[in-house]
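Below are the chains, spelled out letter by letter.
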Amino acid sequence: MEIVNRVANSSLEVFDLEDYYVNGERVLIDVSQWLFEGFILKEKDFRETLSNFDWSVYQNKLVALHCATDAILPAWAFMLVSSYVSKEAKKVVHGSLADLEMALYYSALETIDFSVYQNKPVIIKGCSKKPVPQQAYSWVLQKLQPFAKSIMYGEACSAVPIYKK
């Protein structure tokens, strides 16, 4: 008796979020390092420190800006830091490394033409070796839903139905 791989022969499309993982070193920058005693923003000193900082250490890096202290900072403080680091870094966000990961996936998903999944059964692959934020699964579902005939989650051998047109 011949063994037939029914999954390989089906019209099932596999969408693997791991394929959209952005490679690169992720770095968290704490802006409190440039504040007086980690809490007080003295504008003149802050600007001078930033202008003298060697930003090349962030060349081609993926950067998240945050403040580790309870300092209350105006929005322009993060904008100013971003204006310097963005000249070197591939991507800069204000927030945590998790926020950075979500921003990277969001940007990647916005570039995809989901119409290629028109009237097709799709499985969103569940297991990955790279970090995929939970929110990315919701985003891809929302992008696929207008096109896909059905959407499942998991692996072809044990998929969980999520949506059916």
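Please read these numbers as outputs of a predicted model, since none were measured by experiment. (Residues numbered from 1 in each chain as written. Predicted model: local features only at pLDDT ≥ 70, side-chain atom pairs only at ≥ 80, totals over all residues. Heavy atoms only, no water.)

Undergrad: Residues and numbers for the nonpolar core, please.
TA: A general trend in soluble globular proteins is that nonpolar side chains are found buried together. Residues Ile29, Trp34, Phe46, Leu73, Val81 and Val85 are the most contacted members of the largest nonpolar core, which totals 20 residues. Taken together, the elements giving at least two residues each to this core come down to strand E2 (26–30), helix H2 (43–52), strand E3 (62–66) and helix H3 (75–85). A total of five residues in this core trace back to one element, the largest contributor, which is H3. Not counting the four nearest positions on each side in its chain, Trp34 is found in contact with Ile29, Phe46, Thr49, Leu50, Phe53, Trp55 and Val81. Core analysis: the second largest hydrophobic core is formed by 18 residues, Tyr105, Tyr117, Val122 and Leu144 among them. (Core = buried A, V, L, I, M, F, W, Y, C linked by side-chain atoms within 4.5 Å. Buried < 20%, exposed > 50% of the residue type's maximum accessible area, 1.4 Å probe, protein only. Helix = DSSP H or I, 4+ residues; strand = E, 2+ residues; numbered from the N terminus. Contact = heavy atoms within 4.5 Å.)

Undergrad: Explain the environment of Val22 to me, using residue names and the numbers behind them.
TA: Among the structural elements, Val22 can be located in the loop between strand E1 (13–15) and E2. Along the sequence, Val22 and Ser83 sit 61 residues apart, while their C-alpha atoms lie 22 Å from each other. For Val22, the contacting residues outside a window of four places in its chain are Leu62 and Leu104.

Undergrad: Can you tell me about the pairing of strand E7 (residues 160–164), naming the residues and giving the values?
TA: Both strand E6 (residues 150–154) and E7 contribute to a ladder of four bridges, which runs antiparallel. Bridge pairing in E7 links Ser150 to Lys164. Connecting E6 to the antiparallel partner E7 that follows it, the hairpin turn spans five residues. (Pairing = 2+ DSSP bridges.)

Undergrad: Requested: an account of the sheet that holds E3, with residues and values cited.
TA: Backbone hydrogen bonds are what pair the strands of a sheet, in a parallel or an antiparallel way. The parallel open sheet is built from three strands, whose spatial order is E2-E3-E4. The sheet is open, and its two borders are formed by E2 and strand E4 (91–94), each paired with just one other strand. Neighbour to neighbour, the strand axes of the sheet diverge by 20 degrees on average, direction disregarded. Of the pairings in the sheet, the one linking E2 to E3 comprises five bridges and is parallel in character. Within E3, the position partnered with Leu28 by the bridge is Ala64. Contacts from H3 reach E2, E3 and E4 within the one sheet, and its direction differs from that of E3 by about 160 degrees. Contacts from helix H4 (residues 97–110) reach E2, E3 and E4, with the element oriented near 125 degrees to E4. (Axes fitted to C-alpha atoms, helices over the stretch in contact; angles between N-to-C directions.)

Undergrad: So what's going on with unusual backbone geometry? Residues and values would help.
TA: For Glu37, which is not glycine, the phi dihedral falls at a positive 55 degrees. Within the secondary structure layout, Glu37 lies in the loop between E2 and H2. With phi around 55 degrees, Asn119 is a residue other than glycine that occupies positive phi space. The residue Asn119 is located in the loop between H4 and strand E5 (121–125) in this model.

Undergrad: Lay out the packing of H2 against H3 with the relevant residues and their values.
TA: Interaxial distance between H2 and H3 falls to 10 Å at its minimum, and their mutual angle equals 20 degrees. Taken together, the axes of H2 and H3 are roughly parallel relative to one another. When you trace H2 past H3, the crossing you get is right-handed. Residues Glu43, Phe46, Arg47, Leu50 and Ser51 of H2 form the contact with H3, whose own contacting residues are Trp76, Ala77, Leu80, Val81 and Tyr84. Across the contact of H2 with H3, the residue classes break down as seven nonpolar, one polar and two charged. (Parallel < 35°, antiparallel > 145°, perpendicular 65-115°, else oblique. Left-handed = near helix turned anticlockwise from the far one by under 90°. Nonpolar A, V, L, I, M, F, W, Y, C, P; charged D, E, K, R; others polar.)

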